[in-house]
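Structural features, examined
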Amino acid sequence: MTHPHHPLHGQRVQFVRLRRGPNPDLIIRLPDGYHAAIAASLTDYAGPPLVDPDAVEPPLLLLEGLWQMAQWIAQQQRLNGEPEI
């Protein structure tokens, strides 16, 4: 399991069969012997992931934050006698 948030992350599981479709599932045997279907994209079945699963994307800036920055810049321009854009 390669998806960092999956409960079986980092563990190896026994592959039983492939369930085909647009988003194929793998039928696996769980440690307790039961079978389960999991998305193939959560595993390294098709090869190594294209993206590092441990890489954390930076959060996006909220519109409120942009508005506050624009207000601060305008205030600084007024204090420095610069024309506003």
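Scroll up a little and you will see the structure.
**Digging into the overall build of the chain**
Across its full length, the chain carries 1 helix and 3 strands. Helices and strands in the chain line up, N terminus first, as β-β-β-α. Put simply, the chain has 85 residues, and 15% of those count as buried. On the chain, roughly 7,300 Å² of surface is accessible, and the fraction owed to carbon and sulfur atoms is 58%.

**As for the pairing of strand β3 (residues 35–39)**
Bridge count for strand β2 (residues 25–29) against β3 is 5 bridges, and the pairing is antiparallel. Note on β3: the bridge partner recorded for isoleucine 27 is alanine 37. The antiparallel pairing of β2 with β3 creates a hairpin that spans 5 residues between the two strands, and glycine 33 there sits at a positive phi of about 100°.

**Some remarks on the pattern of salt bridges**
Using the criterion set out here, one finds 1 salt bridge in the structure. With its nearest N and O atoms 2.9 Å apart, the salt bridge here joins aspartate 25 to arginine 19.

**Some words on the environment of arginine 12**
Considering the arrangement of structural elements, one finds arginine 12 in the segment before β1 (14–19). Along the chain, arginine 12 and threonine 2 lie 10 residues apart, while their C-alpha atoms are 9.5 Å from each other.

**Looking at the environment of isoleucine 38**
Checked against the element boundaries, isoleucine 38 lands in strand β3. A sequence separation of 14 residues divides isoleucine 38 from proline 24, and the C-alpha atoms of the two residues are 8.6 Å apart. In this structure, isoleucine 38 is in contact with Met1, His6, Pro24, Asp25, Leu26, Ile28 and Thr43, ignoring residues within four places of it in sequence.

**Let's talk about a nonpolar patch on the surface**
Together, Leu61, Leu63, Leu66 and Met69 give the surface a local cluster of nonpolar side chains, amounting to about 430 Å² of exposed area. Its relative accessible area of 69% is what places leucine 63 among the exposed residues.

The rules behind each value
- Along each chain, residue indices are assigned from 1 in the same order as the chain's sequence is written.
- pLDDT decides what is reported in this predicted model: residues at 70 or higher carry local features, side-chain atom pairs at 80 or more are listed and counted, and totals for whole chains, interfaces and linings draw on all residues regardless.
- Calculation of side-chain values draws on the structure's entire complement of heavy atoms; hydrogens and water are dropped beforehand.
- Note on conventions: DSSP H or I runs of at least 4 residues are helices, E runs of at least 2 residues are strands, and numbering of each starts at the N terminus.
- Remark: exposure states derive from per-residue accessible area (1.4 Å probe, protein chains only) relative to the maximum for the residue type, with buried under 20%, exposed over 50%, and partly exposed in between.
- Note on areas: Shrake-Rupley, 1.4 Å probe, and residue coverage restricted to the protein chains presented here.
- Two strands are said to pair when DSSP picks up at least two bridges between them.
- Salt bridge, as used here: a side-chain nitrogen of Lys or Arg that lies within 4 Å of a carboxyl oxygen of Asp or Glu.
- Every residue pair with non-hydrogen atoms within 4.5 Å of one another is taken to be in contact.
- Each patch is built from residues lacking any salt bridge and having more than 30% relative accessible area; the joining distance is 9 Å for like charges and 5 Å for nonpolar side chains (Val, Leu, Ile, Met, Phe, Trp, Tyr).

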